[in-house]
Amino acid sequence: MRHAGMSKKHLNIYDSAACGRLSEYLQTIGSALDQYLRFEHPDAITSAAQWKPNLSRVLPEKGIGIDQLLAEMASDLIPNGSQIAYGGSTAYITTGATTAGVLATLAGSVAAPQRYTLTAFNYLEELSLDWMADLFSLPSAMKGLYSSGGSVANLVGLGAARQWAYEQVGIDPSADGILRPGVIFATEASHHTIHRSAAVLGLGRNAVVTVKSDISGKMIAESLADCLASCQAEGRLPVAVVANAGVTSTGAIDPLRQVGELAKQYDTWFHVDGAYGLPGILDESIRHLYDGLELADSVIVDPHKWLGAPVGIGATFVKDRALLSRAFSQGESDYLEGSITDEKAEHSMDHFGIPYFDLGVELSAPARGAVVWALIREIGAEGLRQRIRRHNGMARWLADKVKQHPNLELLLEPTLSICCFRYHADDIKDLNEFNRQVYRAVVRKGLCIPSTAMVDGQFAIRPCFIGARTTQQHAEELLADVLEFGHQFHCSNNL
Ligand SMILES: *Cc1c(COP(=O)(O)O)cnc(C)c1O
């Protein structure tokens, strides 16, 4: 009765697009993806000559049909994807998704084409955000919002900061714009999405005042105190102090308590960017570095980083979610509200569920909560804790090996799962150029794919151990490769 309008076989005679038979097609795609995950494929760049001609076609007038399409995906597309999911890939802060998140993403894209209306998916949005707040020991008043990643999560957090700061001086910035300039305080090591957020929020990139940091990128609290004092003396409006819980290039964690207390002293919003590093709090041995996190007014984390969710999931937590609503509400629209009766929900269409679309910058959005729910439900807090400890331990293990070796130099003690080091010998004239060559050779060999960073003007080889497929063996391989090419170039007098 319920599905009376649908054809039994899910065959669609009215539209040429396939609209069902997923289990059958998933077999094909599933095996192509499993094969991709064995990482036997060459780097996509080197094989471009093979796949590009097959993909570069003019707009087709006639479709090829689902079967032929899947065959093309399996032969030309999937095998030529990125190496990021590979365990030996420790570049940037990107990871391959684990299976639970992949499947939950698929489930959401089929069964929850929107995250609103009263559905199990809308429910899991809130539940999984609360789970994360609990997992990362955020204050119980903090409520969250999903978005596409750290960039938008920072924008949303700073949007709340802007709303709060201007309301303090009697201005509603979301209605009237910023009627006077404001200031955001951040270090040079802060992610540049902070500057972009300042631009998008109308404050302007130049509203970001640079607070001094040490060579690891850790904020120097005295410098923040000076900056806040001059801002006050000049009568400028402080909008937010941004601290990092895990600097992108080094993993450094700002002195959160000192920074948070200074922000409070100057009546300024305290934003913590933990896109990469917030899950580090699960490692008991460094938990103390997060002391003061409870002072934060907003915190962000990227589940698509250390938690292993498929890319496209960031989260912002704020102490007062009503601010988000005042900052981002799109206002009422007939085509939306008209269908909703609200008082007594008897049907999923009677109620929006929690109106996330009024708390951030997206209306249509995937059901990301089910993904985070799935990956936590699968391995629990304990499984995540083990991953974080394993990766932090690998960075420390590598740092110890580097310190013990006469031809290696540790450029920074690891804080989290990033280790910055280089090959070294006294007779090498240009260590930066030498290590750039070592780095290239390591990546070309293909076993290990770290990225690089500059530490106080020194070129560092920079693995960030973060993928669920990344194990101790990969740290050992990287150490061996750097030594192999370092020795080789050194011996061949390639100085
Ligand atoms: C990765 C990162 C971002 C940006 O996140 P995206 O998910 O790539 O948009 C912001 N801040 C920090 C500290 C990061 O490491």
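This text follows the structure it describes.
Attention in this report is confined to the structure presented alongside it. (Residues numbered from 1 in each chain as written. Predicted model: local features only at pLDDT ≥ 70, side-chain atom pairs only at ≥ 80, totals over all residues. Heavy atoms only, no water.)

### Concerning the overall build of the protein
As a reminder of what qualifies: Numbering of helices and strands starts at the N terminus; helices are DSSP runs of H or I of at least 4 residues and strands are runs of E of at least 2. For this measure, only C-alpha atoms enter the radius of gyration; the expected value for a globule follows 2.2 Å times N^0.38, where N is the number of residues. Buried, partly exposed and exposed residues are distinguished by accessible area as a fraction of the type maximum, computed with a 1.4 Å probe on protein chains only: under 20%, between the cut-offs, and over 50%, respectively. A contact between two residues is defined here by any heavy atoms of the two lying within 4.5 Å. In these tables, accessible area is a Shrake-Rupley quantity obtained with a 1.4 Å probe, and a residue counts as shielded only by the protein chains included in the view.
Scanning the protein for helices and strands turns up 15 helices and 12 strands. Taking 495 residues into account, the globule formula puts the C-alpha radius of gyration at 23 Å, and the protein, at 25 Å, falls close to it. For the protein, the spread of C-alpha atoms along the three principal axes comes to 80 × 65 × 45 Å. Taken over 495 residues, the protein has a buried fraction of 51%. At a minimum sequence separation of 6, the contacts of the protein that also span at least 24 residues come to 73%. Here the protein has roughly 23,300 Å² of accessible surface; of this, 54% comes from carbon and sulfur atoms.

### A word on the site of the ligand
Stated formally: Any residue with a heavy atom positioned within 4 Å of a molecule or strand is treated as near that molecule or strand. Pairing of N or O atoms within 3.5 Å defines a polar contact, subject to two protein rules: one partner must be a possible hydrogen donor and the other a possible acceptor, and residues neighboring in sequence count only if both atoms are side-chain atoms.
The environment of the ligand is made up of 15 residues, and the closest members are Ser 151, Asp 273, Asp 302, His 304 and Lys 305. A distance of 2.9 Å separates an oxygen atom of the ligand from a polar side-chain atom of Lys 305. In the complex, the protein chains occlude 86% of the 380 Å² of accessible area that the ligand would expose alone. Broken down by element, the shell around the ligand gets its largest block of residues, 3 residues, from helix H6 (residues 150–168).

### Overview of helix H15 (residues 472–491)
Basically, it comes down to this: Residue count minus one, scaled by 1.5 Å, sets the expected span of a helix.
Compared with an ideal rise of 1.5 Å per residue, which puts 20 residues at 28 Å, H15 spans 29 Å between its outermost C-alpha atoms and is within 8% of the ideal. Within the span of H15, buried status applies to His 474, Ala 475, Glu 477, Leu 478, Leu 479, Asp 481, Val 482, Leu 483, Phe 485, Gly 486, Phe 489 and His 490. Phi for Asn 493, located one or two positions after H15, is positive at around 60°.

### Notes on the layout of surface pockets
Put simply, the test is: In this analysis a 1.4 Å probe is tested at points of a 1 Å grid over the protein atoms alone, and where it fits but cannot get out there is a cavity; an open set with protein on both sides within 12 Å along at least five of seven lines is a pocket; lining residues have an atom within 4 Å of a point. Grid points are joined across faces, edges and corners, and a volume is the space filled by probe spheres set on the points. Just so you know the grouping, Ala, Val, Leu, Ile, Met, Phe, Trp, Tyr, Cys and Pro go in nonpolar, Asp, Glu, Lys and Arg go in charged, and all remaining residues, Gly too, go in polar.
There is about 1,100 Å³ of room inside the largest pocket. Lining of the largest pocket is provided by 37 residues; of these, Ile 29, Leu 33, Ala 97, Val 102 and Pro 310 occupy positions nearest its centre. Mapped onto the lining of the largest pocket, the elements with two or more residues apiece are helix H1 (22–36), helix H3 (65–77) and helix H4 (99–111). In terms of residue count, the dominant contributor to the lining of the largest pocket is H1 (8 residues). Residue composition of the lining of the largest pocket, by class: 24 nonpolar, 11 polar and 2 charged.

### Digging into helix H11 (residues 321–328)
Just so we agree on the cut-off: Our arc is simply the arc of the directions from the helix axis toward the C-beta atoms.
Taken together, the buried positions of H11 are Arg 321, Leu 323, Leu 324, Ala 327 and Phe 328. The buried residues of H11 occupy an angular sector of 145° when the element is viewed end-on, so they sit on one face. Tucked into the core, H11 has its buried residues touching helix H5 (120–135), strand S2 (143–147), H6, helix H7 (173–176), strand S6 (269–273) and strand S8 (314–318). Between the side-chain oxygen of the N-cap and the backbone nitrogen of Ala 322 there are 3.1 Å, and the N-cap of H11 in question is Asp 320.

### Quick notes on the sheet that holds strand S3 (residues 182–187)
To summarise the sheet geometry, strands pair through backbone hydrogen bonds and adopt either a parallel or an antiparallel arrangement. Put simply, the test is: One bridge is not enough; two strands pair if DSSP finds at least two bridges between them. Axes here refer to lines fitted to C-alpha atoms; in helices the fit is confined to the stretch in contact. Angles between the N-to-C directions go from 0 to 180 degrees.
With mixed pairing, the 7 strands of this open sheet are ordered in space as S2-S8-S7-S6-S5-S3-S4. Of all strands in the sheet, those with a lone pairing partner are S2 and strand S4 (208–211), marking the two edges. Taken pair by pair, the neighbouring strands of this sheet meet at an average axis angle of 20°, ignoring direction. Across 3 bridges, S6 lies against strand S7 (residues 298–301) in parallel orientation. Bridged to Val 272 within S7 is Val 299. Seen against the sheet, H6 touches S2, S3, strand S5 (237–244), S6, S7 and S8 and runs at an angle of roughly 145° to S5.

### Focus on the pattern of salt bridges
Just so we agree on the cut-off: What makes a salt bridge here is a side-chain nitrogen of Lys or Arg within 4 Å of a carboxyl oxygen of Asp or Glu, nothing more.
Enumeration over the complete set of coordinates arrives at 22 salt bridges. A salt bridge links Lys 143 to Asp 130; the shortest N-O distance between them is 3.1 Å. Placement of the pair is Lys 143 in strand S2 and Asp 130 in helix H5, with a sequence separation of 13 residues. Residue Glu 433 is joined to Arg 436 by a salt bridge in which the shortest nitrogen-to-oxygen separation is 3.1 Å. On the criterion of helical spacing, the pair formed by Glu 433 and Arg 436 is a turn pair, its members being 3 residues apart in helix H14 (residues 431–445). Salt bridges sharing common partners tie together Glu 126, Asp 130, Lys 143 and Arg 321.

### A few points about the packing of H6 against H11
For clarity, the cut-off: Each angle gets one of four labels, with under 35 degrees taken as roughly parallel, over 145 as roughly antiparallel, 65 to 115 as roughly perpendicular, and the rest as oblique.
At a minimum axis separation of 9 Å, H6 and H11 run at an interaxial angle of 90°. Taken together, H6 and H11 sit at an angle that is classed as roughly perpendicular. Contacts between H6 and H11 involve Leu 155, Val 156, Gly 159, Ala 160, Gln 163, Trp 164 and Glu 167 on the former and, on the latter, Leu 323, Leu 324, Arg 326, Ala 327 and Phe 328. Grouping the amino acids of the contact of H6 with H11 by side-chain chemistry returns 8 nonpolar, 2 polar and 2 charged.

### Things to note about the pairing of S8
By the criterion of burial, S8 is predominantly enclosed, with 5 of the 5 residues buried. Residues Gly 314, Thr 316 and Val 318 point to one face of S8 and Ala 315 and Phe 317 to the other, with burial holding for every one of them. Looking at chain direction, S2 and S8 are connected through 5 bridges and run antiparallel. Within S8, the position partnered with Ser 147 by the bridge is Gly 314. Judged from the 4 bridges that link them, S7 and S8 form a sheet pairing that is antiparallel. Across the sheet, Ser 298 pairs through a bridge with Val 318, a residue of S8.

### Section: the nonpolar core
Generally speaking, nonpolar side chains in soluble globular proteins are found buried as a group. The test is simple: Take the buried residues of types Ala, Val, Leu, Ile, Met, Phe, Trp, Tyr and Cys, join any two whose side-chain atoms come within 4.5 Å, and each joined set is a nonpolar core.
Residues Met 132, Phe 136, Ile 184, Phe 185, Leu 224, Phe 270 and Phe 317 are the most contacted members of the largest nonpolar core, which totals 95 residues. Top contributing element to this core by residue count: H6, with 8 residues. Not counting residues within four places of it along the chain, the set of residues in contact with Leu 224 comprises Phe 185, Val 211, Met 219, Val 241, Val 259 and Leu 262.

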